[in-house]
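# What the coordinates show
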Amino acid sequence: MDFKLVRVSFISDKANNLHQFKQHKRNGSNYNQLEIIDNSQDKIIKDIPMMLRRRLTPSTKYCVGLAIDMLNHCVLNKQVVDKIIFSSFSGEASRCVNLLSEMVLDKGLSPMEFSASVHNSSVGVCSIAQKFHGETTAISAEKGSLTAALVEAYASLYGQGLNRVLVVAYEGMVDNPKMKIPNVEQFYGNHAFSMLLEKVDDECKSLSVNSIEDNSLLSFDVEKCSKFNSVEFLSWI
C-alpha cells in the first residue's frame, strides 16, 4: 500500500514531539529506559477544551490533542480532511478496568466514566471539539490495529475516492494492580502519533521511500508489518 505522507506528529510520556523521538533513535537510546516527562502543559494538550480534556485518559489526551493540532494545521493550509480514523489495541481498557474495580467494591459508577469507556469515545471528543462533520472510525484489531487503520485509510482513498485521511494511533497503560489483564503487552507507555495521508502523486513519487519527512512516499507492506505498534512503526520508517 502506497500513501503520500503529508504530515506526521508524535507525543508520548517520554518524548514531546517527533523530533525528540527521532533524536533518541539516532542516539541509540532504549525507548523503554527513557525518563518519563511531564507533558501536561504541552500545547498539544492545552489546545483541548478544558471541559472535554477532563474526560480523557493520558493516552487519549495525546491522541485527541494530536488530531486537533493536525486539523488546525489543515485549516491554516486550506486542506480538507475527509475522514478521521482512530486506532488502538488498548483503547479505553484502563477506564474499563477502573469501572469493573468500582463494581467489585460495590461503589457507584460515574456516568461520565461509563459513557467515556466505549472505544470510539476519543474520536467523538475530537469531532465535538473541532465541529468535524466528516466520517469518523475507531478501530481495534489487537496487535494488528495500526495495520487495520492503514488498510481502512487505503480503502477510503483509493476505493471511496476520498482526498485526505487523518490516521491517529495511540496506546495507553492498561495494567492494574488489582485486576491483571491477560495477554496484553505494554506498548511503550502512553503515546500517540498521527499521520495525514493522501493518494500518491508525481511529487511524492520523486521523494524517498519509507521516510518520515513531510510529503514523502510511505510504502507499507501489510504482511511484513502487520504486527507493528506505533513506536515500532515509527522506528521502521
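About the thresholds
Residues numbered from 1 in each chain as written. Predicted model: local features only at pLDDT ≥ 70, side-chain atom pairs only at ≥ 80, totals over all residues. Heavy atoms only, no water. Pairing = 2+ DSSP bridges. Helix = DSSP H or I, 4+ residues; strand = E, 2+ residues; numbered from the N terminus. Axes fitted to C-alpha atoms, helices over the stretch in contact; angles between N-to-C directions. Contact = heavy atoms within 4.5 Å. Phe/Tyr/Trp six-rings, centres within 6.5 Å; stacked < 30°, edge-to-face > 60°. Buried < 20%, exposed > 50% of the residue type's maximum accessible area, 1.4 Å probe, protein only. Left-handed = near helix turned anticlockwise from the far one by under 90°. Nonpolar A, V, L, I, M, F, W, Y, C, P; charged D, E, K, R; others polar. Salt bridge = Lys/Arg side-chain N within 4 Å of Asp/Glu carboxyl O. Expected span 1.5 Å × (residues − 1).

## Details of the sheet that holds strand β6 (residues 216-219)
The 6 strands lie next to each other as β3-β2-β4-β5-β1-β6, forming an open sheet whose pairing is mixed. What marks the edges here is a single partner per strand, and that holds for β3 (135-139) and β6. Across this sheet, the average inter-strand angle for adjacent strands is 30°, counted without regard to direction. Taken together, the 8 bridges between strand β1 (residues 2-12) and strand β5 (residues 191-198) define a ladder with antiparallel strand orientation. Paired with Lys4 across the bridge in β5 is Glu198. Most of the contacts of helix α4 (residues 58-76) go to β1, to which it runs at about 130°, and overall it touches β1, β2 (83-87), β4 (165-171) and β5. In the packing of helix α8 (residues 145-159) onto the sheet, contacts are made with β1, β2, β3, β4 and β5, and the angle to β2 comes to roughly 165°.

## Comments concerning the packing of aromatic side chains
Applying the stated criterion to the full structure yields 3 aromatic pairs. Here the aromatic rings of Phe3 and Tyr154 are separated by 5.8 Å at their centres, their planes lie at 90°, and the arrangement is edge-to-face. With Phe3 in strand β1 and Tyr154 in helix α8, this residue pair connects regions lying 151 residues apart in the sequence. Classification of Phe3 by relative accessible area gives buried; the value is 0%. Relative to Tyr170, the ring of Phe86 lies with its centre 6.2 Å away and its plane at 70°, an arrangement referred to as edge-to-face. Taken together, the residues span a long stretch of sequence, with Phe86 in strand β2 and Tyr170 in strand β4 at a distance of 84 residues. Of the residues examined, Phe86 reaches a relative accessible area of 1% and is grouped as buried. The class for Tyr170 is buried, based on a relative accessible area of 1%. Through a chain of ring-to-ring contacts, the aromatic side chains of Phe3, Tyr154 and Tyr158 assemble into a single cluster.

## Concerning the packing of α4 against helix α7 (residues 121-130)
The geometry of α4 relative to α7 is characterised by a closest axis approach of 10 Å and an angle of 35° between their N-to-C directions. By crossing handedness, the relation of α4 to α7 is classed as right-handed. Taken together, the residues of α7 that come into contact with α4 (itself represented by Thr60, Cys63, Val64, Ala67, Ile68, Leu71 and Asn72) are Ser122, Val125, Cys126, Ala129 and Gln130. Here the contact of α4 with α7 is composed, by residue class, of 8 nonpolar, 4 polar and no charged.

## Focus on the pattern of salt bridges
Evaluated as defined, the whole model comprises 6 salt bridges. When the shortest N-O distance is used, the salt bridge between Arg7 and Asp69 registers 3.5 Å. Taken together, the positions of Arg7 in strand β1 and Asp69 in helix α4 put the pair 62 residues apart, joining distant regions of the chain. With a closest N to O distance of 3.2 Å, Lys83 and Glu135 form a salt bridge.

## Quick look at the side chain of Ser9
Here Ser9 lies in strand β1. Judged by its relative accessible area of 12%, Ser9 falls in the buried class. Once residues within four sequence positions are removed from consideration, Ser9 is found in contact with Leu66, Asp69, Met70, Ala192, Phe193 and Ser194.

## Quick look at α4
Taking 1.5 Å as the rise per residue, α4 with 19 residues should run 27 Å; its terminal C-alpha atoms sit 27 Å apart, in good agreement. Remark: Lys78 follows α4 within two positions and exhibits a positive phi of approximately 55°.

## Some thoughts on the pairing of β4
Burial runs high along β4: 7 of the 7 residues are buried. Relative to β4, β2 is paired through 5 bridges, and the arrangement is parallel. Counterpart to Lys83 in the pairing with β4 is Val165. By the bridge criterion, 7 bridges tie β4 to β5 in an arrangement that is antiparallel. Looking across to β5, one finds that Leu166 is bridged to Leu196.

Geometry only, nothing functional implied.
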